[in-house]
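Chain by chain, the residues:
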Amino acid sequence: MTVKQNDLTMRPITGREELDLFSQLPYALNPELADDLAAGRRRREWMWVAQRGDRLLARAAWWSRPGGDAPLILDVLDIDDSAPGPDRLDIGVRLLRTAMAAVLPDPSRPPEYSRFIPPEWRDNAATRQVVEDRMTVLDRTGARLFVERLRLEWSPTSPVPVPGKRLLFRPVRDAGELVALMALALDGTLDAHGRDELTRMSPQEAAT
């Protein structure tokens, strides 16, 4: 499927042979795209580009578990940050609306969008503009900010504390014990997704 609006062409990529084109806009997930396609976590019809001639101006891609019938999350949404402000935002909105209509079984209930951003993104004018532009595109297509999380990573060069006597680590006995522990952890949780799930189901159902 190819959609043309004036001089803008919007379409899904043809396959792995267009990954170089799709990766012209930088993002942390670019190195994973080829493996995701090979493993079935992405489909070429879920990976859309907006072009003016040969120039890539915007892109969007969804992810799912291998073999999934429908996308679970929108995790790639980029625009050409060197393009003029109003134009680049408009192109992002047009691409996302066109791609959602073609990709999603129910475009009125799209999956969540997730993006890795620097923790200090508000303190740097360049990174702030990148984040806010993408949030503006999403806002114009009906999305609303849900949660911002700080992602922590352990480095192999970091020392590991010596275990104390206050905690005992052991494998769980069975799936039932694991669900019970997860349900207990939901009591009083501040996690945004956990709190949202508890508005629709019991702690046991959310933990299952």
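Keep in mind the model is a prediction, meaning the values are calculated, not measured.

*Asks:* What is the right way to look at the sheet that holds strand 6 (residues 112-113) in this model?
*Replies:* Within a sheet, neighbouring strands are paired by backbone hydrogen bonds and run either parallel or antiparallel to one another. Here six strands make up an open sheet; going across it, the order is 1-2-3-4-5-6 and the pairing mixed. Every other strand in the sheet has two partners, leaving strand 1 (3-5) and strand 6 as the edge strands with one partner each. As judged from the four bridges shared by strand 2 (residues 8-12) and strand 3 (residues 47-52), these two strands associate in the antiparallel manner. The residue bridging T9 from the neighbouring strand is Q51, located in strand 3. Sheet strands in contact with helix 4 (residues 125-140) are strand 5 (73-79) and strand 6, and its direction is about 120° off that of strand 5.

*Asks:* Sorry, what's going on with the nonpolar core here?
*Replies:* M10, A50, W62, L95 and L96 are the most contacted members of the largest nonpolar core, which has 24 residues in total. Elements with a minimum of two residues in this core: strand 2, strand 3, strand 4 (55-63), strand 5, helix 3 (85-103) and helix 4. No other element matches the eight residues that helix 3 contributes to this core. For L96, the contacting residues outside a window of four places in its chain are W62, L74, L77, V137, L138 and T141.

Reading guide: rules and limits
Residues numbered from 1 in each chain as written. Predicted model: local features only at pLDDT ≥ 70, side-chain atom pairs only at ≥ 80, totals over all residues. Heavy atoms only, no water. Pairing = 2+ DSSP bridges. Helix = DSSP H or I, 4+ residues; strand = E, 2+ residues; numbered from the N terminus. Contact = heavy atoms within 4.5 Å. Axes fitted to C-alpha atoms, helices over the stretch in contact; angles between N-to-C directions. Core = buried A, V, L, I, M, F, W, Y, C linked by side-chain atoms within 4.5 Å. Buried < 20%, exposed > 50% of the residue type's maximum accessible area, 1.4 Å probe, protein only.

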